[in-house]
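Working through the structure, step by step
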Amino acid sequence: MSRRQLLAAAALAGLAIPGGAASMSRPPRPAGADGFDFLHGSWRVRHRKLKDRLVGSLQWLEFTGTLDVRPFMGGLGNIDENVLDDPSGRYLATSIRVFSPRDRNWSIYWVDGRRAGLDKPVVGRFEGKVGRFYNEDEHEGRPIRVRFTYEDLGPEQARWSQAFSDDAGASWETNWTMDFVREART
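1. Focus: the pattern of salt bridges
Under the defined criterion, the tally for this structure stands at 13 salt bridges. With a shortest N-O distance of 2.6 Å, Asp80 and Arg97 are connected by a salt bridge. Here the residue Asp80 occupies a position in strand E3 (residues 77–86), and Arg97 occupies one in strand E4 (residues 89–100), the gap between them amounting to 17 residues. The same class applies to Asp80 as to Arg97, namely buried. Of the charged contacts, one joins Asp119 and Arg115 as a salt bridge, the two residues approaching to 3.0 Å between their closest N and O atoms. For Arg115, a relative accessible area of 44% gives the class partly exposed.

As structure tokens, this is what we get:
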């Protein structure tokens, strides 16, 4: 899926068409497409991120935020809106997650509100209640491997973490975690 198609799908996800696609019967979702269903809804977020990455830093920055997640394309994708109260200043970000029925993998695209464009996707799948997603990228000019991990911790809690490896995955430095607590339902 091209970036243009991905953005168009995300934009359409927010549209409600009376008597349209939402009211028609949908085909059953393929195995693995329910991986992120636990994340749908509104969350309070506690962020912890390393001040500096891949230099042996032990100084963590802690801050709060919110996350709102909703499905689109009958659950073959979801989109979220993050509000991050980062110590360097509040900003918005979005994750767009799209499931491929062909290879049963999820691709996760990050959009940082402080700069234009989509980051390169991390790709992977869930095994039970834990999903792991990877890509090859760079950090400060050096090649790295990136890993996102999502954990379904029950109906009221979840966790996301990001780790970098500069030795092709032999060792990992976790540099950012988000602990999610579901907002009270009204």
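Read on for the rest.
2. Description of the sheet that holds E3
Picture the strands of a sheet paired through backbone hydrogen bonds; they go either parallel or antiparallel. The strand order around the closed barrel formed by 10 strands is E1-E2-E3-E4-E5-E6-E7-E8-E9-E10, and the pairing between neighbours is antiparallel. Each strand of the sheet is rotated relative to its neighbour by a mean of 25°, with strand direction disregarded. Across eight bridges, E4 lies against strand E5 (residues 105–112) in antiparallel orientation. Counterpart to Arg97 in the pairing with E5 is Ile108.

Conventions we followed
Residues numbered from 1 in each chain as written. Predicted model: local features only at pLDDT ≥ 70, side-chain atom pairs only at ≥ 80, totals over all residues. Heavy atoms only, no water. Salt bridge = Lys/Arg side-chain N within 4 Å of Asp/Glu carboxyl O. Helix = DSSP H or I, 4+ residues; strand = E, 2+ residues; numbered from the N terminus. Buried < 20%, exposed > 50% of the residue type's maximum accessible area, 1.4 Å probe, protein only. Pairing = 2+ DSSP bridges. Axes fitted to C-alpha atoms, helices over the stretch in contact; angles between N-to-C directions.

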